[in-house]
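Structural description and commentary
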Amino acid sequence: MSALLRTFPVAALAAGMRRALGSLAGSCLADRCLWDRLHAQPRLGGAPTFDWFFGYEEAQGFLLPLLQEASTACPLQVLDVGCGTSGLCTGLYTKCAHPVDVLGVDFSPVAVAHMNSLLEGGQGQNPLCPGHPASCLRFMQADAQNLGPVAPSGSFQLVLDKGTWDAVARGGLPGAYQLLSECLRVLSPRGTLIQFSDEDPDVRLPCLEQGSQGCTVTVQELGPFRGLTYFAYLVQSAH
């Protein structure tokens, strides 16, 4: 998550948000109170969503071919863990021509309330309309390290993690491995977990290979976006 730390002081955040959080580099990114404060702050220019790393527009060229390959399920069941106030879920719901049933979960009730309000047309926005008539979108509060209350085993064809491993790992690798275990538990047979990160493959791949034995782990370079290179780490269930 080095890019997140590098860009935080100059990213598209309101000055009030930066003052409320203080130094992100010195904070524990696994602390829910920090994220509650972050998500409660106004967004620069009144933007309805905020994305770390990059948003749906940058990710769609990578995601859409995967959605096409996995289109045997109708609609495709998609889980975004640690969704925050990202536009990834809303982009999939409103712009994807393939039917998707998207669930965004986050441990911050502030983030979940914001996204549900956005979905229903609050905050001066129009209600979100699906890109396909069969598509659905929901947001629920849940801890990504304990998805049992909201996600039965084997229930999602695609699980997305955009920076969540990076944040949880700041609190220690055991938490990150628990996150990975839960993501793999809820994957359907031959489902795919995608972790988006700026962390170097030399660091991330050994962790994923250790924590997902029996799965196929690959990496694809993305970007550069705004001058930074990112990686998509794919973990595919073998059963």
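Heads up: the structure comes first, above all this text.
Residues numbered from 1 in each chain as written. Predicted model: local features only at pLDDT ≥ 70, side-chain atom pairs only at ≥ 80, totals over all residues. Heavy atoms only, no water.

**Remarks on the packing of aromatic side chains**
Under the counting rule described, the total for this entry stands at nine aromatic pairs. Ring geometry for F225 and Y230: centres 6.2 Å apart, planes at 25°, overall stacked. With respect to class, F225 is no different from Y230; both count as buried. Three or more aromatic residues link up through ring pairs in this structure, and these residues are F53, F54, F62, F196, F225 and Y230. The ring of F54 is capped by K162, whose NZ or CZ atom sits 5.8 Å from the centre of that ring. (Phe/Tyr/Trp six-rings, centres within 6.5 Å; stacked < 30°, edge-to-face > 60°. Buried < 20%, exposed > 50% of the residue type's maximum accessible area, 1.4 Å probe, protein only. Lys NZ or Arg CZ within 6 Å of the ring centre and 35° of its normal.)

**Comments concerning the side chain of D101**
Along the polypeptide, D101 turns up in strand β2 (residues 100–106). Setting aside residues up to four positions removed in sequence, D101 forms contacts with P75, L76, Q77, V78, C136 and R138. (Helix = DSSP H or I, 4+ residues; strand = E, 2+ residues; numbered from the N terminus. Contact = heavy atoms within 4.5 Å.)

**Considering the pattern of salt bridges**
Per the stated rule, a full pass over the model turns up seven salt bridges. For R138, the salt bridge identified is with D101, shortest N-O distance 3.6 Å. Separated by 37 residues along the polypeptide, R138 in strand β3 (residues 136–141) and D101 in strand β2 bring together distant segments of the chain. Exposure remark for R138: the relative accessible area of 36% places this residue in the partly exposed category. In this structure D101 comes out as buried when scored by relative accessible area, which is 14%. Between D166 and R204 there is a salt bridge, and its shortest N-O distance comes to 3.1 Å. Within this pair, whereas D166 is found in helix α7 (residues 164–169), its partner R204 is found in helix α9 (residues 201–211), the two being separated by 38 residues in sequence. (Salt bridge = Lys/Arg side-chain N within 4 Å of Asp/Glu carboxyl O.)

**Digging into the packing of helix α8 (residues 173–186) against α9**
Axis separation between α8 and α9 bottoms out at 10 Å; the angle between their running directions is 55°. Relative to α9, the element α8 is oriented oblique. Between α8 and α9 lies a crossing whose hand is right-handed. The segment α8 lies against α9, with Y177, L180 and L184 engaging C207, L208, Q210 and G211. Broken down by class, the residue content of the contact of α8 with α9 amounts to five nonpolar, two polar and no charged. (Axes fitted to C-alpha atoms, helices over the stretch in contact; angles between N-to-C directions. Parallel < 35°, antiparallel > 145°, perpendicular 65-115°, else oblique. Left-handed = near helix turned anticlockwise from the far one by under 90°. Nonpolar A, V, L, I, M, F, W, Y, C, P; charged D, E, K, R; others polar.)

**Considering the pairing of strand β5 (residues 187–197)**
Each regular strand carries side chains that alternate between the two faces of the sheet. When you tally the buried positions in β5, you get nine out of 11 residues, the bulk of the element. The pairing of strand β4 (residues 156–162) with β5 spans six bridges and is classified as parallel. Within β5, the residue paired with L158 across the bridge is T192. Relative to strand β7 (residues 228–236), β5 is paired through six bridges, and the arrangement is antiparallel. Directly across from L193, in β7, lies its bridge partner V235. (Pairing = 2+ DSSP bridges.)

**Here's the deal with the pairing of β7**
Within β7, seven of the nine residues are buried, leaving the element largely enclosed by the surrounding structure. In this sheet, β7 lies alongside strand β6 (residues 216–225) in antiparallel orientation, the contact comprising eight bridges. In the sheet register, V219 faces β7, and the bridge partner there is Y233. Between β6 and β7, which pair antiparallel and follow one another directly, the connecting turn spans two residues, one of which, R226, has a positive phi of 50°.

**Concerning the packing of helix α4 (residues 56–69) against helix α5 (residues 88–95)**
Their axes nearest at 11 Å, the elements α4 and α5 cross at an angle of 60°. In terms of their interaxial angle, α4 and α5 are classed as oblique. Handedness of the crossing formed by α4 with α5: right-handed. Only L88, G91, L92 and K95 of α5 make contact with α4, whose side of the interface consists of Y56, E57, A59, L63 and L67. For the contact of α4 with α5, the residue count by class is six nonpolar, one polar and two charged.

**Here we look at the nonpolar core**
In this structure, L63, L160, I194 and F196 are the most contacted members of the largest nonpolar core, which totals 33 residues. Ranked by residue count, the leading element in this core is α4, at five residues. Once you skip the residues sitting within four places of it in the chain, F196 turns out to touch F53, F54, F62, L63, L160, D161, K162, G163, D166, L222, F231 and A232. By size, the runner-up hydrophobic cluster in this structure holds 28 residues, among which are V81, V150, L205 and C207. (Core = buried A, V, L, I, M, F, W, Y, C linked by side-chain atoms within 4.5 Å.)

Geometric descriptors of this kind do not, in isolation, establish any biological role.
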